[in-house]
Amino acid sequence: MLADAALVAGKDLRLEARSRVLLNQVAPFSILVLVLFAFALDVEGDTLEVATPGLYWVTVLLSALLAVQRSSAVEAADSNHDALRLAGLDPAGIFLGKAAAVAVQLLVLEVLLLGGVALLYGTEVTGVALLVATAVLATTGVAAAGTLYGVLAAGLRVRETLLPLLLLPVVAPVLIAATSAFELALGGRSGEGWAWCGLLGVFALVYTAFGVLAFGALLEES
Amino acid sequence: MLADAALVAGKDLRLEARSRVLLNQVAPFSILVLVLFAFALDVEGDTLEVATPGLYWVTVLLSALLAVQRSSAVEAADSNHDALRLAGLDPAGIFLGKAAAVAVQLLVLEVLLLGGVALLYGTEVTGVALLVATAVLATTGVAAAGTLYGVLAAGLRVRETLLPLLLLPVVAPVLIAATSAFELALGGRSGEGWAWCGLLGVFALVYTAFGVLAFGALLEES
Amino acid sequence: MTTVTTEPTRGVDVDDAPRSTGSPATRALGAVVLALVGLLVLLGLVTSPAERVQGEAVRLFYVHVPTSTVMFLAVGVAALGSIVVLWKGSVFWDLVAAASAEIAVVLTGLSLVTGMLWGRPTWGVYWVWDARLTSTALLFILLLGYQAVRALPADRTTRARRCAVAALITSLNVPIVHYSVDWWRSLHQPATISTLDPKIDDAMLVAFAVGMATYLLGYLWLLIHRFRVGWLEEQVADLGLGDALAERRAEGLADAGGAP
Amino acid sequence: MEPLVHLRGAVVLLGRFPALAGVDLDVEPGEIVLLRGANGAGKTTLLRACAGLVRVTDGDAVVLGHDLRADRRAVRRRIGMLGHATALYDELTVVDNVRFWARAAGATVAHADAALERVALPDRLRDVPVALLSTGQRRRVSLASVLARRPELWLLDEPHAGLDQDARDLVDELVRAAAAAGATVLLASHELDRAEAIATREVTIAGGIVRGDRRLAAVTAPPPAEVPDAG
Amino acid sequence: MEPLVHLRGAVVLLGRFPALAGVDLDVEPGEIVLLRGANGAGKTTLLRACAGLVRVTDGDAVVLGHDLRADRRAVRRRIGMLGHATALYDELTVVDNVRFWARAAGATVAHADAALERVALPDRLRDVPVALLSTGQRRRVSLASVLARRPELWLLDEPHAGLDQDARDLVDELVRAAAAAGATVLLASHELDRAEAIATREVTIAGGIVRGDRRLAAVTAPPPAEVPDAG
Ligand code: HEM
Ligand SMILES: Nc1ncnc2c1ncn2[C@@H]1O[C@H](COP(=O)(O)OP(=O)(O)OP(=O)(O)O)[C@@H](O)[C@H]1O
Ligand SMILES: Nc1ncnc2c1ncn2[C@@H]1O[C@H](COP(=O)(O)OP(=O)(O)OP(=O)(O)O)[C@@H](O)[C@H]1O
Ligand SMILES: [Mg+2]
Ligand SMILES: [Mg+2]
């Protein structure tokens, strides 16, 4: 299973390396979203400080959406999806592999974004340990959920639009928890933040476990 | 030219009628974005009132992104793009047709969203005339710009991710102008709002004109 | 786009087809539910007293809380059914889950509405961005998502599997809704019934109990009927299938080609 | 009378790669030219160049009397091209697709329906989204939407691929009929027996240039028929 | 010895449409079965059913000794399928694609490279993204990634389509070699001359059922060669 996961993850990361979609397009996109928000919300000066963590995570989720869409699009094209099934790979392996690839890409993105936020919104970064833990766990959860729904939508021509609808409400709790954790971390009250982190850990665990179990069924059906 | 436009617009609208992508997926998606924002930002009770118009337009733009993506995706598939060129349609006609189709769909969406906002954020609607004018002009501008860049991206496989990058900065001004106009309208100070509206009008005009002129070249090159 | 005609194949006697989804048992159940509704109206609006803090608004308690709780039950049943589907691939449970999920949409909607109605007098606004409220709204959207997945074109089993996953993921949101009041500083009432505090007036308790009973049985009644409708839909599809097969074969035999 | 297609040292670059490296080709009206050649030789690129879909960066390229290097759009309405892809909108029904493409190219709905008749698709499929069709059915629809344009210059890229026996014979008929009616046909194909049976001339492409060019005895009789059954 | 593929009244529904309406077919090890039939007859669906890509909703379906209705995944590693689509990742290079699919199916990188050698693609293309290849080149790559799996059961859907003469001959060779080595081949094709030249048996599909079934004299000589020039 892990061998299969490694193979698939390697393939997806190589795809990214060749196409540079994340680096050249998703990343600028998310920076852009941040800027737009800054415009749209900076009506009162203080709105922004208050809202930064929330905006950060909204942006991350929107970018995650693109990443997941891309990850499912490459399988949908040219019936690669059928070929994956025919290859007889362990579905759990495929799931872990694709989820891992998405997670890695997102983490890179989040680091960039954090830089962007610090720069644009003049937020100074505190409570790094908590920030990192939060980011990792939240990302894992999102990647797992996204990959799971990605395969469900893979066969369908309406993928681009169905995926957001299905995915966002699922990851909304992640958004909220991560936001709160960030607020506390940046507020220098990391102590209380770890509770949220735990919650995110539970999410990540649940979705990953669920994906490992359910992915096979979806892969066969879609 | 107009005949061609009508033909193309009709085709795109029929596609929507058959696939229901906008109705069943983009619309819920945008409502969802509203909900998430509202929650992410409602740290202090008052943030929301202040930010409502901004959020409204950010949401509209994100949905517009999906609409434009879809509109360009249908041409990219199965080399329809080449076929369109071969058909010898007037490029300006194609442009106007596709832009019109997108605009119509977006306007429907905006009405829905406005309802959502009024309901969720408890905004009561004033200065309707200004709101409508703003919406129409802003939408025209976005649809025009979107269609223009859509054809740029149409040839490329990475369309899903490239388009947002190209589009968002261009429409940032629209965002700002529309937001301000809405603030004034909802603030019951429509009078001052018309200036912004004029700006949007100019923008819409420029992009439409530009599209009519430049679309042919882009169509040929991509 | 399908060649299936829904008119039954020859050989099936149309008179055998059920004319309604009712049965003596369910009719009795329906009657009981009706009676309970009447009783609830009586108790809730007439006999039970107004409350000190809340005043008359408290009467929404008898509707809102049962709605919300039974809503959880509905999602739970859908989740259980889905597990069986993924595990055994059972058509029966797929239909049960689907029916329950559909009812859950209604109940969640009602929970939102009654809640908002209650919010106006108690909080002064219909809606606040409170964790409980938001998470409930999300649950609503998730359930709509389930419906969207169910509407996707697919054969029976595919639809069953997809929906099962969607339902299970949706159900993950239930604990969040439930604990939201503890996790986030929330305006919303924390668990009060679960911790039966003596302060509650007996008449209120009775009315509340009746409310619960009404919603539980009402849910059961709807579930059974919706399930039967779904079941019959499948039957009809199969009838059409018979025709489709015949047509397709005829196409093959007609084809001049074939045996050289 | 000047040739209908006139290429002299035509060069086409795909990315940096010279897919056509100096093609010389003159095609007279009414000819049926078979383009043969190995995979990657440049057949598709040549056809796309004639349709003005790719830019000829060097040499002369004159089609239907228009210089493609000056204006690539002028000739298009008079050209019908059937490519490797089918160019149909997945969600639209068969009828809607054919009608749209017909009208887009200036033909009428009547032409579209007639063309659809011609390709003999089972009636039950008329209102089915093309996404549900089988490969060959889909290519039939694509063929119909080209047919509806009644082009003067036909550019066919492996027109037989994916089609069953009846449809293949139909393609041959259509090509012959078009040529007889004064239209000109360039067709790229790997199915030499069939293609040579209808072509009046065989041009061999290799490495982006013309390597061979020979007339074929214009056959008017139908090609050596397969066992007609199981169309 | 029990048949390698055993179908009895097999029904496959696409949406609500019975693409297969009760197929009876038994294939013995080592056979080369040609599936012929009109567009939309059900050939592709039949192949996909054998690969367990679509569910058989009624009747028996046993492949390589596994009951597909009980478990559709067991047999896959032992099957190689070449479909209408090429199943390649556009942005990955030729080599990367073939290697990935080979390893995914449990073969080694060495097998992949050997297979790639076999399909004789010009070396300059090894590290080109497949998106840039011509139709036929792309199908060659696809062929290589199936070849690398060294399957026991070959399911080929119009394997000759888009390939040039050399590649077509190569396909025929590979099929014969596979059968000689004890593998079994089901191939759907509209190019009857070629297909009948290699097949040992011809099954005619029409309207989702088997309409004809006849043995062919197993030909071992290569098919009548075309003029060798410019392959
Ligand atoms: C739109 C607004 C509202 C929504 C969406 C909502 C939603 C819910 C939900 C989902 C539950 C079930 C929680 C559980 O059993 O774990 C619940 C229970 C309850 N709600 Fe609301 N509610 C809303 C407004 C209100 C208001 C305004 C009040 C009264 C001030 C209220 C009082 C209660 C009470 C007392 C319970 C029972 C607590 C328990 O035992 O768990 N709700 N509500
Ligand atoms: N960007 C690129 N870089 C390198 N080579 C390219 C690029 N784009 C196309 N090619 C090459 O150009 C050629 C295109 O040839 P074309 O598609 O015309 O072949 P063809 O004769 O139609 O072949 P087939 O018989 O396979 O259809 C191919 O050899 C392909 O590898
Ligand atoms: N959802 C659907 N509704 C109705 N008909 C459908 C649906 N999906 C597929 N079909 C039909 O099922 C058949 C599929 O046949 P299949 O693809 O196996 O044909 P084939 O023998 O491979 O044809 P070809 O030679 O063109 O490849 C087609 O007739 C197609 O029209
Ligand atoms: Mg080609
Ligand atoms: Mg087929």
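Scroll up a little and you will see the structure.
Here the structure is a predicted model, which means the values were calculated and not measured.

Engineer: Give me the overall build of chain A: which residues, what numbers.
Structural biologist: In terms of helices and strands, chain A carries eight helices and zero strands. Reading the secondary structure of chain A in the N-to-C direction produces α-α-α-α-α-α-α-α. Of all 222 residues assigned to chain A, the portion counted as buried reaches 67%. The long-range share in chain A, meaning contacts at least 24 apart out of those at least 6 apart in sequence, stands at 83%.

Engineer: A description of the packing of helix 2 (residues 61–88) of chain C against helix 3 (residues 91–123) of chain C should follow, citing residues and the corresponding values.
Structural biologist: All names here are of chain C. Where helix 2 meets helix 3, the axes come as close as 7 Å, and the angle between the chain directions of the two elements is 155°. One way to sum up the angle between helix 2 and helix 3 is to call them roughly antiparallel. Relative to helix 3, helix 2 is oriented so that their crossing is left-handed.

Engineer: How would you sum up the sheet that holds strand 7 (residues 153–157) of chain E? Please name residues and give values.
Structural biologist: Residue and element names in this part refer to chain E. Pairing within the open sheet is mixed, and its six strands lie in the order 6-7-8-3-9-10. The open sheet has two edge strands, strand 6 (79–82) and strand 10 (209–215), and neither has a second partner. Strand-to-strand twist in this sheet, taken as the mean axis angle between neighbours without regard to direction, amounts to 15°. Judged from the four bridges that link them, strand 3 (residues 32–36) and strand 8 (residues 184–188) form a sheet pairing that is parallel. Looking at strand 8, one finds that Leu34 is bridged to Leu187.

Engineer: Any chance you could break down the coordination of the magnesium ion (ligand 4) for me, citing the residues and the numbers?
Structural biologist: All names here are of chain D. Binding of the magnesium ion (ligand 4) to the protein goes through Thr44 (OG1) and His84 (NE2), at separations of 1.9 to 2.3 Å. With Thr44 in helix 1 (residues 43–50) and His84 in the loop between strand 6 (79–82) and helix 2 (94–104), this residue pair connects regions lying 40 residues apart in the sequence. The exposure class assigned to Thr44 is partly exposed, which follows from its relative accessible area of 25%.

Engineer: A description of the site of ligand 2 should follow, citing residues and the corresponding values.
Structural biologist: By nearness alone, 22 residues border ligand 2, and Lys43(D), Thr44(D), Thr45(D), Ser134(E) and Gly136(E) come closest of all. One nitrogen or oxygen atom from the side chain of Arg124(E) is found 3.3 Å from an oxygen atom belonging to ligand 2. Taking Ser134(E), its side chain carries an N or O atom lying 2.6 Å from an oxygen atom of ligand 2. Within the residue set of the shell around ligand 2, elements represented by two or more residues are strand 2 (17–27) and helix 1 of chain D together with helix 4 (135–147) of chain E. Here the residues of the shell around ligand 2 sort into seven nonpolar, twelve polar and three charged.

Engineer: Quick rundown of the pattern of salt bridges? Include the residues and the values.
Structural biologist: One pass over the full model with this rule turns up 65 salt bridges over all chains. A salt bridge links Asp12(A) to Lys98(A); the shortest N-O distance between them is 2.8 Å. In this pair, Asp12(A) sits in helix 1 (residues 2–19) while Lys98(A) sits in helix 5 (residues 91–120), placing the two residues 86 residues apart along the sequence. Each member of the pair, Asp12(A) together with Lys98(A), is buried. In this structure, Arg214(E) engages Glu202(E) in a salt bridge whose closest nitrogen and oxygen atoms are separated by 2.6 Å. In this pair, Arg214(E) sits in strand 10 while Glu202(E) sits in strand 9 (residues 201–206), placing the two residues twelve residues apart along the sequence. Overall, Arg214(E) belongs to the partly exposed group, its relative accessible area being 30%. Linked through salt bridges whose partners overlap, the residues forming this network are Asp82(A), Arg85(A), Glu220(A), Arg48(E), Arg72(E) and Arg76(E).

Engineer: Explain the sheet that holds strand 4 (residues 56–63) of chain E to me, and be specific about the residues and the numbers.
Structural biologist: With antiparallel pairing, the four strands of this open sheet are ordered in space as 2-1-4-5 (chain E). Every other strand in the sheet has two partners, leaving strand 2 (17–27) and strand 5 (66–67) of chain E as the edge strands with one partner each. Relative to strand 4 of chain E, strand 1 (residues 5–14) of chain E runs antiparallel, the two sharing six bridges. The partner of Val12(E) across the bridge, within strand 4 of chain E, is Val56(E). Packing of helix 7 (residues 202–254) of chain C onto the sheet brings it into contact with strand 1 and strand 2 of chain E, and relative to strand 2 of chain E it is tilted by some 60°. Relative to the sheet, helix 1 (residues 43–50) of chain E contacts strand 1, strand 2 and strand 4 of chain E, its axis offset from that of strand 2 of chain E by approximately 65°.

Engineer: For the packing of helix 2 of chain D against helix 3 (residues 109–118) of chain D, give the residues involved together with the corresponding values.
Structural biologist: Residues and elements named next belong to chain D. Closest axis-to-axis distance for the helix 2/helix 3 pair is 8 Å, and the angle between their directions is 130°. By the angle class used here, helix 2 and helix 3 are oblique. Relative to helix 3, the crossing made by helix 2 is right-handed. Contact with helix 2, carried on its side by Val94, Val95, Val98, Arg99, Ala102 and Arg103, involves Val109, Ala112, Asp113 and Leu116 of helix 3 and no other residues of that element.

Engineer: For unusual backbone geometry, give the residues involved together with the corresponding values.
Structural biologist: The phi dihedral of Glu158(D) is positive, around 50°, even though this residue is not glycine. Assignment of secondary structure puts Glu158(D) in the loop between strand 7 (153–157) and helix 5 (165–180). For Glu158(D), a relative accessible area of 9% corresponds to the buried category. Of note in the backbone geometry, Leu64(E) takes a positive phi value of approximately 50° without being a glycine. Its location among the elements puts Leu64(E) in the loop between strand 4 and strand 5. The class of Leu64(E) is buried, set by a relative accessible area of 9%.

Engineer: Go over the nonpolar core with me, naming the residues and quoting the values.
Structural biologist: The biggest cluster of nonpolar side chains holds 273 residues, and the ones touching the most others in it are Tyr149(A) and Trp101(D). At 16 residues, helix 7 (residues 159–186) of chain A tops the list of elements feeding residues into this core. In contact with Trp101(D), other than residues within four places in its own chain, are Asn80(B), Ala83(B), Leu84(B), Ala87(B), Ala87(D), Leu88(D), Tyr89(D) and Ser145(D).

Engineer: Any chance you could break down helix 1 (residues 24–47) of chain C for me, citing the residues and the numbers?
Structural biologist: Residues and elements named next belong to chain C. For helix 1, with 24 residues, the first-to-last C-alpha span of 33 Å sits near the 34 Å given by 1.5 Å per residue. All of the buried residues along helix 1 are Thr26, Leu29, Gly30, Val33, Leu36, Leu40, Leu43 and Gly44. Those residues of helix 1 that are buried are in contact with helix 2 and helix 7.

Engineer: I'd like a rundown of the environment of Ala28(C), residues and numbers included.
Structural biologist: Residues and elements named next belong to chain C. Positionally, Ala28 belongs in helix 1. Judged by relative accessible area, which is 43%, Ala28 ranks as partly exposed. Between the C-alpha atoms of Ala28 and Leu152, which are 124 residues apart in sequence, the distance is 36 Å.

Engineer: Can you break down a negative patch on the surface residue by residue, with the values?
Structural biologist: Residues and elements named next belong to chain D. Where like charges cluster on the molecular surface, the negative patch consists of Asp58, Asp60, Asp67 and Asp71. Take Asp60: it is sitting in strand 4 (residues 56–63). Judged by relative accessible area, Asp60 falls into the partly exposed class, the value being 40%.

Engineer: Before we move on, can you summarise the environment of Val12(E) with the specific residues and values?
Structural biologist: Residues and elements named next belong to chain E. Mapped onto the fold, Val12 is located in strand 1. On the accessibility criterion, Val12 (0% relative accessible area) is buried. Separated by 33 residues in the primary sequence, Val12 and Thr45 place their C-alpha atoms 7.7 Å from one another. Beyond its immediate sequence surroundings of up to four residues, Val12 is in contact with Phe17, Pro18, Ala19, Leu20, Thr45, Ala49, Val54, Arg55, Val56 and Thr57.

Engineer: I'd love a proper account of the pairing of strand 6 of chain E, names of residues and values included.
Structural biologist: All names here are of chain E. Alternating positions in strand 6 separate into two faces, Ile79 and Met81 on one and Gly80 and Leu82 on the other, with burial throughout. Where strand 6 meets strand 7, four bridges bridge the pair, whose relative direction is parallel. Each bridged residue has a counterpart across the sheet, and for Met81 the counterpart in strand 7 is Leu155.

Engineer: How would you explain the environment of Val185(E) if you had to name every residue and give the values?
Structural biologist: Residues and elements named next belong to chain E. By secondary structure assignment, the location of Val185 is in strand 8. On the basis of relative accessibility, which here comes to 0%, the residue Val185 falls in the buried class. Separated by 14 residues in the primary sequence, Val185 and Ala199 have C-alpha atoms spaced 8.8 Å apart. Ignoring anything within four residues of it in the chain, the contact list for Val185 reads Glu31, Ile32, Val33, Trp154, Leu156 and Val175.

Scoring rules and cut-offs
- Residues numbered from 1 in each chain as written.
- Chains lettered and ligands numbered in written order.
- Predicted model: local features only at pLDDT ≥ 70, side-chain atom pairs only at ≥ 80, totals over all residues.
- Heavy atoms only, no water.
- Helix = DSSP H or I, 4+ residues; strand = E, 2+ residues; numbered from the N terminus.
- Buried < 20%, exposed > 50% of the residue type's maximum accessible area, 1.4 Å probe, protein only.
- Contact = heavy atoms within 4.5 Å.
- Axes fitted to C-alpha atoms, helices over the stretch in contact; angles between N-to-C directions.
- Parallel < 35°, antiparallel > 145°, perpendicular 65-115°, else oblique.
- Left-handed = near helix turned anticlockwise from the far one by under 90°.
- Pairing = 2+ DSSP bridges.
- Donors = N, O, S within 2.8 Å, 3.2 Å for Na, K, Ca; no water.
- Near = heavy atom within 4 Å.
- Polar contact = N/O pair within 3.5 Å; in protein donor to acceptor, adjacent residues only side chain to side chain.
- Nonpolar A, V, L, I, M, F, W, Y, C, P; charged D, E, K, R; others polar.
- Salt bridge = Lys/Arg side-chain N within 4 Å of Asp/Glu carboxyl O.
- Core = buried A, V, L, I, M, F, W, Y, C linked by side-chain atoms within 4.5 Å.
- Expected span 1.5 Å × (residues − 1).
- Patch = residues over 30% accessible without salt bridge, like charges linked within 9 Å, V, L, I, M, F, W, Y side chains within 5 Å.
- Areas by Shrake-Rupley, 256 points an atom, 1.4 Å probe, with all protein chains shown as cover.
- Lys, Arg positive; Asp, Glu negative; His and termini not counted.
- Charge placed at Lys NZ, Arg CZ, Asp CG, Glu CD.

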